[in-house]
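# Residue-level structural notes
Each chain, letter by letter, is given below.
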Amino acid sequence: MTAGQVLKGIEFSHPGGATPLLLDLYLPAGSDAVPGAGVAGLPAVIHFHGGGWRTGERSSLGPTVDGFGLSPIEQLVEAGFVVASADYRLTDVATFPAQLLDAAAAVCWLRTHAAEYGVDPHRIYAWGDSAGGHLACLLGLAAGATESAEPAGTPDGGDAHVAAVAAWYPPTDLNRMGEQARPDAVASADDPGSREALLIGAQPASDPDKAKAASPLTYVHPDAPPFLLVHGTADRFVPVAQSASLAEALERAGAAVDLLLIEGADHMWQLPDGSQNAARQATAATIDFFRRQAQKH
């Protein structure tokens, strides 16, 4: 294993009745020169893709951001982080909590193999966009629940906790997404067959308990890891209030949280002028956030 490699398609879990789950692992070059590398290993970020829990691919930030050519994952690697981008079961295969259990299994796998890949097991962070941001938030807030559930493919006694979370435009409160939707919303959680309904196997309004169980907001507690939430004020898919309400709850609980609202940005950092400015701002803020977390330890 040499620094600067990208290892594609490593199997980290094989849930019953599903195809094996894979991750892509990115290792920075020149790790000896990376601040904070040390004998304990490098900090690592596990990324979860978006796509409404029903589409999307690992190592993708969605078609719009990918099309900008900014390569946020590669930028994180260049900043000295090991990055793993992991699969999870989509909603045509399984409903919640399968997706969270898969995300937890990815964290457990990386922690178990930390020494092999030069990772500091105490500096593993979660990052996701949209549906992946939802999973990253849940990992940060409800890791204990995933461990007790003993997800398939997770080592016995596996440790799924993450030391910090960055989430781009994440759904955080499934019961309120419909009422918070913009008048020009492209999609609403209250729509029949919505992404959220496919996730939990029921319309949120008809099964609020299921929607609550799948909502990061439910699990806010004072000992939550530091959070960075980044959202566009003109998001037509996930209302900006979703990030604002989670940030408010975390702050009220006494947890550390940074909320960055990007004016006029839609989902996937689309701006009216077609520029990359919002995506660049979100990427820079995310790298800065993880750098600050890594320097704490």
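Scroll up a little and you will see the structure.
Everything in this summary refers to the structure shown in the same document.

What counts as what
Residues numbered from 1 in each chain as written. Predicted model: local features only at pLDDT ≥ 70, side-chain atom pairs only at ≥ 80, totals over all residues. Heavy atoms only, no water. Disulfide = S-S within 2.5 Å. Buried < 20%, exposed > 50% of the residue type's maximum accessible area, 1.4 Å probe, protein only. Helix = DSSP H or I, 4+ residues; strand = E, 2+ residues; numbered from the N terminus. Contact = heavy atoms within 4.5 Å.

According to the stated counting rule, one finds zero disulfides in the structure shown. Cysteine 137 supplies the cysteine sulfur nearest to cysteine 108, a cysteine that is in no disulfide, at a spacing of 18 Å. Owing to a relative accessible area of 2%, cysteine 108 belongs among the buried residues under this scheme.

Note that serine 60 resides in the loop between β3 (42-48) and α1 (63-68). The class of serine 60 is buried, set by a relative accessible area of 16%. Here serine 60 is in contact with His47, His49, Asp66 and Asp129, once residues within four sequence places are set aside.

Put simply, phenylalanine 96 and proline 97 share a cis peptide bond, and its omega is 15°. The phi angle at serine 59 is positive, at roughly 70°, despite the residue not being glycine. Structurally, serine 59 is set in the loop between β3 and α1. The backbone of tryptophan 269 sits at a positive phi, close to 60°, despite the residue not being glycine. Secondary-structure assignment places tryptophan 269 in the loop between β8 (257-262) and α10 (277-295).

Any link to function would need more than the numbers given here.
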